[in-house]
Amino acid sequence: MDSFDPRLIAVRSAHFIGGQYREGPAGMDVSRPSDGQVYAELPVADAALVDEAVSTAWQAFKTSDWATRPPRERARVMRRWADLIEADGAVLGPLEAVGSTRPHKDVLGWDIPYVAEGIRFFAELADKHGGEVAATQTDRLGMQIAEPYGVIAAIAPWNFPLSMASWKVAPALAAGNAVVLKPSELTPFSSLRFAELALQAGIPAGIFNVVQGDGRVTGDALCRHPRVAKVTFTGSTVTGSSIMSTCALVGPKPVTLELGGKSPQLVFADVPDLAKTARTVALAITGNAGQVCVSGSRLIIERSIMAPFVEHLQGYFNALKPGPTWSPDATLAPIISRLQATRIDGIVQRARQAGAEVLSGGGLFDGLGGAYYQPTLLAGVDNHNPAVCEEIFGPVLTLQAFDNEEQALQLAAHDTYGLAAGVHTADLNRALRLIRQLEVGTVWVNRYGRSNDYILPTGGYKRSGIGKDLGREAFEANLRFKSVLIDIG
Ligand code: NAD
């Protein structure tokens, strides 16, 4: 079933600590992005409740055998968890879609299977790593052994609530840690079901906990807690900097930061199929209504093909149909909140004042209940225009033209961000040259977006992040290494 009635979706307004739901006094309203209606109240964990959650996680880490059981056994439990998630579409699907920007059909067809498969990927690594034997004197044995940190705090954003949480939680658990997850206060509820299914699969109570609340109170208390050995965060660059400085002050303790982006899509005149490339470019900025860290938000195109390319783009933009996440016909997702839509529009208006010309869109759709932003194309922008400098996190694409490869690279370089880039060209030599010169954490050639495997890590250069999610790197980031030296008698 692609559709559901949002009024019938019951959410449990709670935390999940020590394997149990914990109701709490309501702290804030939570709204459905699709129609702007308040549908639940959210408890906000204060420092005392965060302390209880972290202490529970620490106790579970010390007293359960999660970290010490044979890794293949840990992997077996995690695979069972993945199976439960995959079979839970009827509950998890509406729960994820009702309060987020993720269309229900995509949650069922993409998010849930992707999360389940990601858990399996990290489960498989549980028994496929080891330490190292060091080259030292022959009468000694020097080794490095890998150990979990203990309690890891995971702080997640709202744009893909389940999959962003799973990127953090799955490698941390597979490596034997206990986790306290704080989902975004805008999309808090699917994480509870995620944790409940972990318990059902056999992950010991207290190993995976969820605390609800905002960043200022709950997130901050989590970062400050002395028993939190590491913080893994996905969100904006501003928040990432703040978390890093908190962790430096109270620790220092290590952080993994997956932050914002302003990714270019470079299109050369030799692309064999203009319509197909335009479709890829359009999807890369309108998927999830541009609320994707790696959204390809800057089109940098060879001048000779600009006019026909823009025509194709406008065709794709105009065909998109905004609508609620529970509508099977909608093809453009809502913006997460009215506030965020106003922020998007504010940047577009400042861009216009700075000289941008609006070729498509440029405002909100009227009369749809929730906030829906028109797919927008802005020309006449230089690298100082606000729409080029700032992460908009909405369906807004800037357009800049180049006449040669050197100009393309100059336009692609961004002062702040270095998350991803797309290169579209039939010339493999050119693609290989550009791959080396683009200062970003990921380059896609003749495609835009990750494939559904997990082996390639993701992470940013510059202010787009520190450390990696996905891949072996994400698993290893949840381990610390102990050096051991033994005298041989
Ligand atoms: P955000 O930074 O506003 O919030 C993210 C999380 O941090 C939320 O759970 C929030 O409650 C918490 N938080 C806020 N202040 C905090 C504080 N002082 N201490 C501790 N926790 C705090 O980000 P958002 O609006 O939820 O998400 C959008 C941003 O996330 C965009 O910038 C996007 O690019 C980025 N993002 C990056 C990636 C990536 O892989 N690089 C993936 C998805 C999203």
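Residues numbered from 1 in each chain as written. Predicted model: local features only at pLDDT ≥ 70, side-chain atom pairs only at ≥ 80, totals over all residues. Heavy atoms only, no water.

S.K.: Help me out: how do you make sense of the overall build of the chain in this one?
M.R.: Helix and strand content of the chain: 15 helices and 22 strands. For the chain, the spread of C-alpha atoms along the three principal axes comes to 75 × 60 × 40 Å. Per-residue burial over the chain gives 55% buried out of 489 residues. A separation threshold of at least 6 residues defines the contact pool for the chain, and within that pool the share at least 24 residues apart is 74%. For the chain, the accessible surface area stands at approximately 19,700 Å², while carbon and sulfur atoms represent 52% of it. Each charge class in the chain was averaged separately, 45 positive and 50 negative side chains, and the resulting centres sit 3 Å apart. (Helix = DSSP H or I, 4+ residues; strand = E, 2+ residues; numbered from the N terminus. Buried < 20%, exposed > 50% of the residue type's maximum accessible area, 1.4 Å probe, protein only. Contact = heavy atoms within 4.5 Å. Areas by Shrake-Rupley, 256 points an atom, 1.4 Å probe, with all protein chains shown as cover. Lys, Arg positive; Asp, Glu negative; His and termini not counted. Charge placed at Lys NZ, Arg CZ, Asp CG, Glu CD.)

S.K.: Is there a simple way to think about helix H2 (residues 71-86) in this case?
M.R.: The α-helix winds at 3.6 residues per turn, so residues separated by three or four positions along the chain end up facing the same way. Between the first and last C-alpha of H2 there are 23 Å, a value that for 16 residues agrees with the 22 Å anticipated at 1.5 Å per step. Among the residues making up H2, those that are buried are Arg-74, Ala-75, Val-77, Met-78, Trp-81, Ala-82 and Ile-85. Seen along its axis, H2 keeps its buried residues to an arc of 160°; they face one direction. Elements in contact with the buried residues of H2: helix H3 (89-99), helix H4 (104-125), helix H5 (161-174), helix H6 (190-201) and strand S9 (208-210). (Expected span 1.5 Å × (residues − 1). Arc of directions from axis to C-beta.)

S.K.: Could you clarify how one ought to interpret the site of the ligand in this entry?
M.R.: The full set close to the ligand counts 29 residues, and Ala-156, Glu-185, Ser-236, Thr-239 and Glu-391 are the nearest of them. Taking Gly-235, its main chain carries an N or O atom lying 3.3 Å from an oxygen atom of the ligand. One nitrogen or oxygen atom from the side chain of Thr-239 is found 2.7 Å from an oxygen atom belonging to the ligand. Bound to the protein, the ligand loses 88% of the 860 Å² it would expose on its own. Looking at the shell around the ligand, the elements that each hand over two or more residues are H5, helix H7 (215-224), strand S10 (228-234) and helix H8 (237-250). Residues of the shell around the ligand, tallied by class, amount to 13 nonpolar, 10 polar and six charged. (Near = heavy atom within 4 Å. Polar contact = N/O pair within 3.5 Å; in protein donor to acceptor, adjacent residues only side chain to side chain. Nonpolar A, V, L, I, M, F, W, Y, C, P; charged D, E, K, R; others polar.)

S.K.: Before we go on, may I ask you to explain the packing of aromatic side chains in this structure?
M.R.: Given two aromatic rings, one states the distance between the centres and the angle between the planes to describe the pair. By the definition in use, this model includes 15 aromatic pairs. A ring pair is formed by Tyr-39 and Phe-189, whose centres lie 5.9 Å apart and whose planes are at 80°; its orientation type is edge-to-face. Of this pair, Tyr-39 sits in strand S4 (residues 38-43) while Phe-189 sits in the loop between strand S8 (178-182) and H6, placing them 150 residues apart in sequence. Each member of the pair, Tyr-39 together with Phe-189, is buried. (Phe/Tyr/Trp six-rings, centres within 6.5 Å; stacked < 30°, edge-to-face > 60°.)

S.K.: Quick question: what am I supposed to make of the sheet that holds strand S13 (residues 296-302) here?
M.R.: Within a sheet, neighbouring strands are paired by backbone hydrogen bonds and run either parallel or antiparallel to one another. Sheet architecture is open: seven strands sit in the order S14-S15-S16-S13-S12-S18-S19, paired in mixed fashion. With one partner strand each, in any of the chains shown, strand S14 (357-360) and strand S19 (442-445) form the two edges of the open sheet. Between one strand axis and the next, the sheet turns through 25° on average, direction left out of account. As judged from the five bridges shared by strand S12 (residues 263-267) and S13, these two strands associate in the parallel manner. Residue pairing for S13: Ser-263 is matched across the bridge by Gly-296. (Pairing = 2+ DSSP bridges. Axes fitted to C-alpha atoms, helices over the stretch in contact; angles between N-to-C directions.)

S.K.: Would you mind going over the domain arrangement of the chain with me for this structure?
M.R.: Frequently, the measure chosen for interface size is the accessible area removed from exposure when the parts meet. Domain assignment breaks the chain into domain 1 (6-259 + 464-484) and domain 2 (264-451). The interface is formed by 26 residues belonging to domain 1 together with 26 residues belonging to domain 2. Of all the secondary structure elements, the ones that give two or more residues to the side of domain 1 that touches domain 2 are H3 and H4. In terms of residues, the side of domain 1 that touches domain 2 owes the most to one element, H3, which gives three residues. (Domains from an automatic or database assignment.)

S.K.: Sorry if this is basic, but what is going on with the environment of Ala-87 here?
M.R.: Residue position: Ala-87 is located in the loop between H2 and H3. A sequence separation of 26 residues divides Ala-87 from Pro-113, and the C-alpha atoms of the two residues are 9.4 Å apart.

S.K.: Explain the nonpolar core to me, please; I cannot follow it from the model alone.
M.R.: Looking at soluble globular proteins, one finds that nonpolar side chains tend to be buried together. By size, the foremost hydrophobic cluster in this structure holds 97 residues, and its most contacted members are Trp-81, Ile-85, Leu-173, Phe-194 and Phe-208. Ranked by residue count, the leading element in this core is H4, at 10 residues. Both of domain 1 (6-259 + 464-484) and domain 2 (264-451) provide at least three residues apiece to this core. Filtering out sequence-adjacent residues up to four positions away, Phe-194 remains in contact with Trp-81, Ile-85, Val-115, Ile-119, Leu-162, Ala-165, Ser-166, Val-169 and Phe-208. (Core = buried A, V, L, I, M, F, W, Y, C linked by side-chain atoms within 4.5 Å.)

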